[in-house]
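Inside the fold
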Amino acid sequence: MNAYFEVGAVTGAFGLKGEVKVFPTTDEPERFRLLRELYADSDAGPMCYAIERLRFHKNLVIIKFTGVEDAAAAQALRGTVLKIPPELALPLEEGQYYHRDLLDMSVVDDDGRELGVLTKVLQTGANDVYTVALSEGGELLIPAIKQCILKVNVPDKRMTVKLLPGLM
C-alpha cells in the first residue's frame, strides 16, 4: 500500500448510524465525490471500504461505509488513514508534484553544489516549504516558490534550487 495516495483520516464517529468523520488530507476534497471505495492498511493487509454515501460538513467529509452500521463500529475506525490507488490520483498540471515524489530527492544549488536531501514538505498558508537535511549537518528550509525552485527532475530524484540571500 506504499504506492497508494493518502486522501484523508477518520477522526471519529458522526451520529449513531455508522457514519465517520473524515479529515481530508488532499488539496481537492471534492474528489471524494468521484470515489466508490477507499483503502486502509491493516494487520491482515489492505482493507477496502465501499462508500455507501457521503456528504460534506464544515471542513470534514461524512462517509457511510457499507458494513459499518453503528456508532461503535464507526468509532473503531478512528485514526484510520484512508488511501486510493495511484490510478485514481488526479492528474497534475505542469510544475506540480506529489509530495511523496519529492521526498528523498537530492537537492543541489544553481552552481551544482550538493546541498542535501529533501526530507519533509511543510504546508503553510502561502506556499509549501521544503525541509532539506544538509550533507554537512543541520537543516535548510526552502520556500517552494519560482524564485527558489529552478528545476525538479522527478525521474532522476534531483532538484535544483537558487538560495536567496538569508536562506543559508
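You'll find the structure just up there.
Keep in mind it's a predicted model, so treat the numbers as computed, not measured.

Cut-offs applied
- Residues take numbers from 1 onward in each chain, read along the sequence in its written order.
- Per-residue local features are limited, in this predicted model, to residues with pLDDT of at least 70; the limit for side-chain atom pairs, both in listing and counting, is 80 or more; totals at the level of whole chains, interfaces and linings are taken over all residues.
- To get the side-chain values, all heavy atoms of the structure are used, and hydrogens and water are removed first.
- A strand pair is defined by DSSP finding two or more bridges across the two strands.
- Think of it this way: any DSSP run of H or I at least four residues long counts as a helix, any run of E at least two long counts as a strand, and we number them from the N terminus.
- Angles here are taken between N-to-C directions and fall from 0 to 180 degrees, while the axes themselves are lines fitted to C-alpha atoms, restricted in helices to the stretch in contact.
- Salt bridge, as used here: a side-chain nitrogen of Lys or Arg that lies within 4 Å of a carboxyl oxygen of Asp or Glu.
- Burial classes: relative accessible area under 20% of the type maximum marks a residue as buried, over 50% as exposed, and values in between as partly exposed (1.4 Å probe, protein chains only).
- Here a polar contact means two N or O atoms within 3.5 Å. Within protein one must be a hydrogen donor candidate and the other an acceptor candidate, and residues neighboring in sequence count only if both atoms are side-chain atoms.
- Any two residues whose heavy atoms approach within 4.5 Å are treated as being in contact.

Here we look at the sheet that holds strand 7 (residues 106-109)
Strand order in the open sheet formed by six strands is 10-9-8-7-12-11, with mixed pairing between adjacent strands. At either end of the open sheet lies a strand with only one pairing partner, and these are strand 10 (139-143) and strand 11 (149-153). For this sheet, the mean angle separating the axes of adjacent strands, direction not counted, is 35 degrees. Sheet topology note: the strand 11/strand 12 (residues 158-161) ladder contains four bridges and is antiparallel. If you follow Lys-151 over to strand 12, its bridge partner there is Thr-160.

A look at the pattern of salt bridges
Going through the model one piece at a time under the given rule, you end up with 10 salt bridges. The closest approach of N and O atoms between Arg-53 and Glu-19, which form a salt bridge, is 3.9 Å. Pair noted here: Arg-53 is in strand 4 (residues 47-57) and Glu-19 is in strand 2 (residues 19-24), with a separation of 34 residues, a long-range link. For Arg-53, a relative accessible area of 39% corresponds to the partly exposed category. Judged by relative accessible area, Glu-19 falls into the buried class, the value being 9%. A salt bridge links Glu-19 to Arg-55; its shortest N-O distance comes to 3.0 Å. Placement of the pair is Glu-19 in strand 2 and Arg-55 in strand 4, with a sequence separation of 36 residues. Several salt bridges share partner residues, and in doing so they unite Glu-19, Glu-52, Arg-53, Arg-55, Lys-64 and Glu-69 into one network.

Some points on the side chain of Thr-26
With respect to the secondary-structure elements, Thr-26 resides in the loop between strand 2 and strand 3 (37-40). At 3.2 Å, the side chain of Thr-26 forms a polar contact with the backbone nitrogen of Glu-28. Setting aside anything within four residues of it in sequence, one finds Thr-26 in contact with Val-7, Arg-31 and Phe-32.

Describing unusual backbone geometry
For Asp-104, which is not a glycine, the phi torsion comes out positive at approximately 70 degrees. Counting through the fold element by element, Asp-104 comes out in the loop between helix 2 (99-102) and strand 7. Under the relative-accessibility criterion, Asp-104 is labelled exposed at 59%. For Lys-157, which is not glycine, the phi torsion reads 55 degrees and is therefore positive. For Lys-157, the position within the fold is in the loop between strand 11 and strand 12.

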